[in-house]
Amino acid sequence: MKKFFFILLLSLSCFVSLANHTKGGWMYYEYLGPGSSANTLKYKVVLLQYMICNPNSGQLDQQVNFTFYTGASNDQLYQTISAPLVSNPNIQNCPGCDPCIVNKPNICYKYATYETTTELPVNANGYTISYQRCCRISGIVNIVSPSSTVGDTWTIKIPGTVNGPLNSSPKFVPNDTAVICANNFFTFNFAATDPDGDVLVYDFAPAYTGATSGSPNPQVADPPSYPSIPYTSPFSAFEPLGSQVTINHNTGEISGIAPAIGEYVVTVVVQEYRNGVYIGESRKSLHIQVASCNLVAAELLPDNACDGFTKTFKNNLPDPPGASFSWDFGVPGNTTDVSNLQNPTYTYPDTGTYKVTLVISLNGACTDTATALVKVYPKLDPLFTTTGQCKNTAIQFTDKTQTTYGAVNSWSWNFGDTGAGNTSALQNPQHTFSVAGNYNVTLTVSNSKGCVSGITQTVTIKDKPDLLVTNDTLICSIDTLQLSAVGAGTIFWTPGYNINNQNNSSPLVSPDVPTKYYVTLTDPFGCKATDSVFVDVKLFVTIDAGRDTGICAGDAIQLNPISDALHYQWSPSASLDNAIIKNPTATPFVTTKFYVIGNIGKCQATDSVIVRVAPYPGAGGIPDTAICFGNSVQLNESGGSMYTWSPAFFLNNPDIPNPIASPDRSIRYIVTIRDTLGCPKPVFDTVVVMVQQVTADAGPRDTSIVENQPLQLNATGGEFYLWVPTTGLNNPAIANPVAAISDNIDYVVSVSTSAGCFDTDTISVKVYKVLPGIYVPNAFTPGSDGKNDLFRPIAIGMKQITYFKVFNRWGVLVYSSNQTAYEQNIGWDGTYKGRPQDAAVYVWIVEGVDYLDKKIIQKGTVTLIR
């Protein structure tokens, strides 16, 4: 089977801001020999920086600064030197990518190399070399957003004389021009070579942060140590591509199933060892892009389950869109055992071992082939049983596997606990569990036909065997009691006092003194459980039904005898909820004497209790009443021996059955009635005292009409009305009679209610012997002396004033009113918009309707005098 593995290290996007361009890289150094001065060493230091394909002038630096720190614990700055740009080629279109990759993306990135030499004094602790730049590209999946604000640090350490001999660092093998296809298997090699032949060990490591967007290109790098970039879950420095991707610590190859589409930071550290002694380490950090692509690849897994003649097949690797499939199911001499389906199903004609072949191709050019063996020997059914149940005792596992073809020839047990000896290859092993709990025990079996199958069962391990015994109890001294112990194993009771069989699970005992019997259960594997039963012995039964008591009619009461009996019988039972329990609830309607019999085996005793039933206090049912304002009424209640009236307002005594109430408003009284001789519970009654206050109102105090004009009188305030004198009235006994009079008269109306409350009022009627009309003054003197302050019309014999308007000499309306204003005695006060008007002559117009429904319009002038 062929495999295609491709890795795209850099982003497809070339449009970024001034700072967002870095995409990883690494540093190395070479020892060139002694320096020109005594006790100095000469080194070449190289930075290989990856960045976007077309950086602008501010992103591709023509030289960079390498910062050197002494390797002591306080990391003192030693020097900063510049390194010029020596090359910056573009790598484009994935050179070396296999043509069988589907949806291959376009690739473009820049590979900038900076190089310099330096002479360093011999230093016991060596030197740390660092360079920092900001910022990384945006949209990195495994970094906390936004990644475009995260810088990078390239660093390496030259060991000093303390750590080892003179050294040149490892160099990573160039292998940075491929693509990883999302959700596909891949490999990528971070291998390095060491010029000194040192042993190299690889591992994932944190990527470092560096410069910031505020200072993207610092002249001096920060001293070590350097903080890790913030990874986003579920990724981390040691799982930068997820949990399905791992690294080979000996070769530096990373492999696994690629994560979802996106760009990821991956950092690998390689450690040098010479003669087993650690010398130093180098770091390579890359931005790897996982693309939306597919590989034309086939992989089949062997099928040795032997679970039937019918099998369903599929490619174990993702199928690219548009791929074609050719299956051969491996039946000898059969030309029809083929399929072109992507996931075919085939039924084999007989048992056997068959070689299945899959050929997958794309456009007839890219092809891959895979084969696998399929076992068809149905069927192999694994099964096992267990005996034993306790921790720290041997549990017997017994294989019950059945196979139709061949013979079961191997067993693999996993007992589900930890520690040595938790597996076995025996057919029927024993295993001891040290801790109680539930364990998932797995048995995998195979037979002589090569079939393999497994089963997992939950095995419960207990601290001790299950043992169920009789509850603690009591007996009468003349009785015999049967005990009970239920469990799998042998039984032994102690002490042997008055027990018929100590080895019986249900022995008979007849102790004459209180005795605690202990029982021990021993299962077939030596696991033991112990319990006890306390048998209290009584010479006689004691029972006290309690003191006689009383309840209110309709209430319930619980009977509470004091007794050591085991069983009870109450009578009479008609008003009891349960006559055979110790504490029944009784609801008698009449006074009842209840008898109770209590027994312990053959011993019994009897007692009784009387429950007296008393009726609730009676309530007289006071009717609501009405009184006139200022009068009193005597309330009267009965049926009890104690009374409390609420509220106590206007009562001469709220604690007697017949208080006198003198309220000044209507009020509701509630009386609580109690009986100290019978039922102690209260009853309640209510009475409403309605206070009637009559206020007679005959209408306006004075009114005017013209001769022969009917006058509608209208009184309010009561239920009954009587007008005097009756002169000119059509009905003097109603609230609103009509008067027809020709002379002035005073009418008095008497208003009363059914409760006898009454009041009177008077109205004076002046009769003008003129025609109906509107009379308007010709002058007024507005002011605050109360004399002739308002200008208003006077209506005689009129039904209504439709409008009344006043205009100044320029025709401006300065006042307007209607019937409502007339009835309220409102007129013009000589102002307009709140400002007093000048003394002058004003024009008015008024319209009204007389009592004969004739419209009257009048005009005139009025003089305002100041």
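Residues numbered from 1 in each chain as written. Predicted model: local features only at pLDDT ≥ 70, side-chain atom pairs only at ≥ 80, totals over all residues. Heavy atoms only, no water.

### Examining the overall build of the chain
Test applied: Under the scheme used here, helices are H or I runs from DSSP no shorter than 4 residues and strands are E runs no shorter than 2 residues, and both carry numbers assigned from the N terminus. Only C-alpha atoms enter the radius of gyration, while the globule expectation follows 2.2 Å times N to the 0.38, with N the number of residues. Only protein chains enter the area calculation, which uses a 1.4 Å probe; residues under 20% of their type maximum are buried, those over 50% are exposed, and those in between are partly exposed. Whether two residues touch is decided by their heavy atoms; if any such pair falls within 4.5 Å, the residues are in contact.
The number of helices and strands found in the chain is 1 helix and 71 strands. For 866 residues, the compact-globule estimate of 2.2 N^0.38 gives 29 Å, and the chain exceeds it by more than 25% at 57 Å. The principal-axis extents of the C-alpha atoms in the chain amount to approximately 145 × 115 × 75 Å. Out of the 866 residues in the chain, the part that is buried amounts to 45%. Sequence-distant contacts in the chain: of pairs separated by 6 or more residues, those separated by 24 or more amount to 63%.

### What to know about the confidence of the model for the chain
Selection rule: Along the chain, pLDDT gives the predictor's confidence residue by residue, from 0 to 100.
Per-chain confidence: the chain averages 89 in pLDDT, with 94% of residues scoring 70 or above. Below pLDDT 50 for its whole length, residues 1-18 participates in 81 contacts with residues either more than four positions away or in separate chains.

### Some remarks on the sheet that holds strand S61 (residues 745-752)
The condition is simple: Pairing between strands is defined by DSSP: at least two bridges between them are needed. Helix axes use the C-alpha atoms of the stretch in contact, all axes being lines fitted to C-alpha atoms, and the angles between their N-to-C directions lie in the range 0 to 180 degrees.
With mixed pairing, the 4 strands of this open sheet are ordered in space as S57-S62-S61-S59. Each end of this open sheet is capped by a strand with a single partner; those strands are strand S57 (702-706) and strand S59 (720-724). Neighbour to neighbour, the strand axes of the sheet diverge by 25° on average, direction disregarded. Relative to strand S62 (residues 758-768), S61 runs antiparallel, the two sharing 8 bridges. For serine 752, the partnering residue across the bridge sits in S62 and is phenylalanine 758.

### Looking at the state of the cysteines
Just so we agree on the cut-off: Disulfides are defined in this document as cysteine sulfur pairs within 2.5 Å.
A complete count under the given rule lists 6 disulfides for this structure. Here cysteine 134 pairs with cysteine 135 through a disulfide, and the sulfurs are 1.5 Å apart. With the S-S dihedral at roughly 75°, the linkage between cysteine 134 and cysteine 135 falls on the right-handed side. The pair cysteine 134 / cysteine 135 is uniform in exposure class, with both members buried. The disulfide bridge from cysteine 628 ends at cysteine 757, spanning 1.6 Å between sulfur atoms.

### Re unusual backbone geometry
Omega for the peptide link from cysteine 134 to cysteine 135 comes to 5°, which places this bond in the cis form. Its place among the elements puts cysteine 135 in the loop between strand S8 (127-133) and strand S9 (152-158). Look at the link from serine 233 to proline 234: it is a cis peptide, with omega at 10°. Although it is not a glycine, asparagine 39 sits at a positive phi angle of roughly 60°. The phi angle at asparagine 708 is positive, at roughly 70°, despite the residue not being glycine. Within the secondary structure, asparagine 708 is located in the loop between S57 and strand S58 (711-712). Asparagine 708 sits in the exposed class, given a relative accessible area of 60%.

### Describing the sheet that holds strand S15 (residues 245-247)
Ordered in space as S12-S16-S15, the 3 strands form an open sheet in which the pairing is antiparallel. Each of the sheet's edge strands pairs with one partner strand only, and the pair in question is strand S12 (185-189) and S15. Across the sheet, the mean angle from the axis of one strand to that of its neighbour is 15°, orientation sign disregarded. As judged from the 5 bridges shared by S12 and strand S16 (residues 253-257), these two strands associate in the antiparallel manner.

### Quick notes on a nonpolar patch on the surface
Here is the rule: In this analysis, a patch consists of residues with relative accessible area above 30% that form no salt bridge, clustered at 9 Å for like charges and at 5 Å for the nonpolar side chains Val, Leu, Ile, Met, Phe, Trp and Tyr. We get accessible surface area from the Shrake-Rupley algorithm with a probe of 1.4 Å; when it comes to residues, only the shown protein chains can shield them. Salt bridge, as applied in this entry: a Lys or Arg side-chain nitrogen positioned within 4 Å of an Asp or Glu carboxyl oxygen.
Judged by side-chain polarity, Val770, Tyr775 and Ile794 come together as a nonpolar surface patch covering roughly 250 Å² of accessible area. Topologically, isoleucine 794 is positioned in strand S65 (residues 794-796). Isoleucine 794 gets classed as partly exposed once you look at its relative accessible area, which sits at 41%.

### So, the packing of aromatic side chains
Each aromatic ring pair is described using two quantities: the centre-to-centre distance and the angle formed by the ring planes. This is how the line gets drawn: Aromatic contacts are taken between Phe, Tyr and Trp rings whose centres are within 6.5 Å, Trp giving its six-membered ring; a plane angle under 30 degrees counts as stacked, one over 60 as edge-to-face, and the others as tilted. Here, a charge over a ring means that NZ of Lys or CZ of Arg falls within 6 Å of the ring centre while also lying within 35 degrees of the ring normal.
Taken as a whole and judged by the stated rule, the model has 29 aromatic pairs. A connected cluster of aromatic rings, assembled from ring pairs, spans Phe313, Trp327, Phe329, Tyr346, Tyr348 and Tyr354. Over the face of the ring belonging to tyrosine 803 we find lysine 805, whose NZ or CZ atom lies 5.0 Å from the ring centre. If you follow arginine 809 out to its NZ or CZ, it ends over the ring of tryptophan 810, 5.3 Å from the centre.

### With respect to the nonpolar core
Using the following cut-off: Take the buried residues of types Ala, Val, Leu, Ile, Met, Phe, Trp, Tyr and Cys, join any two whose side-chain atoms come within 4.5 Å, and each joined set is a nonpolar core.
Counting 31 residues, the largest nonpolar core has Trp26, Phe186, Phe190, Tyr202, Leu241 and Ile254 as its most contacted members. When contributions to this core are tallied by element, the ones reaching two or more residues are strand S1 (22-34), strand S2 (40-52), strand S7 (108-121), S12, strand S14 (199-204), S15, strand S17 (262-274) and strand S18 (277-291). Ranked by residues supplied to this core, first place goes to S17 with 4 residues. Ignoring sequence-local partners within four residues, the contact set of tyrosine 202 consists of Phe190, Ala191, Ala192, Ile247, Asn248, His249, Asn250, Thr251, Gly252, Val268, Val269 and Val270. One finds Met27, Leu41, Phe68 and Ala112 within the second-largest nonpolar core, a separate group that totals 23 residues.

### Quick notes on the environment of methionine 642
Checked against the element boundaries, methionine 642 lands in strand S53 (residues 642-646). For methionine 642, the residues in contact, after removing those within four places along its chain, are Thr672, Ile673, Arg674 and Thr676.

### Describing the side chain of threonine 267
Stated precisely, the cut-off is as follows: For the purposes of these results, a polar contact is taken to be a pair of N or O atoms within 3.5 Å, where, inside protein, one atom must be able to donate a hydrogen and its partner to accept one; residues adjacent in sequence count only when each atom of the pair is a side-chain atom.
You can see threonine 267 is positioned in strand S17. Polar contacts involving the side chain of threonine 267 include one to the side chain of serine 285, which spans 3.0 Å.

### Considering the pattern of salt bridges
In the structure shown here, the tally under the stated rule is 19 salt bridges. One salt bridge in this structure joins glutamate 263 and lysine 23, with 2.6 Å as the shortest N-O distance. One end of the pair, glutamate 263, is in strand S17; the other, lysine 23, is in strand S1, and 240 residues separate them in sequence. The same class applies to glutamate 263 and to lysine 23, which are both buried. Residues aspartate 196 and arginine 274 are paired through a salt bridge, measuring 3.3 Å at the closest nitrogen-oxygen approach.

### What to know about the pairing of strand S3 (residues 63-70)
With 7 of 8 residues buried, S3 lies mostly within the body of the structure. Across 7 bridges, S3 lies against strand S4 (residues 77-87) in antiparallel orientation. Considered in S4, the bridge of phenylalanine 66 is made with isoleucine 81. In textbook terms, the turn of a hairpin is the stretch between consecutive antiparallel strands, and for S3 and S4 this stretch comprises 6 residues, one of which, aspartate 75, has a positive phi near 50°. Where S3 and S8 come together, 4 bridges link them in antiparallel fashion. Across the sheet, the residue bridging to tyrosine 69 is threonine 128, located in S8.

### Notes on the pairing of strand S27 (residues 384-387)
In the sheet, S27 pairs with strand S28 (residues 394-399) via 4 bridges, with the strands oriented antiparallel. Among the inter-strand pairings, threonine 387 is bridged to a residue of S28, identified as glutamine 396. Here S27 folds back onto S28 in antiparallel fashion, the turn holding 6 residues, of which glycine 388 has a positive phi close to 105°.

### Brief notes about the environment of valine 590
Topologically, valine 590 is positioned in the loop between strand S48 (585-586) and strand S49 (592-600). Spatially, the C-alpha atom of valine 590 lies 7.7 Å from that of alanine 553, the residues being 37 residues apart in sequence. Not counting residues up to four positions away in its chain, the partners in contact with valine 590 are Val611 and Val613.

### Looking at the environment of isoleucine 461
Note on placement: isoleucine 461 falls in strand S34 (residues 452-461). Residues isoleucine 461 and threonine 432 lie 29 residues apart in sequence; the distance between their C-alpha atoms is 9.7 Å. Among residues more than four places away in sequence, those in contact with isoleucine 461 are Gln389, Cys390, Lys391, Ile395, Phe433, Val435, Ala436, Gly437 and Tyr439.

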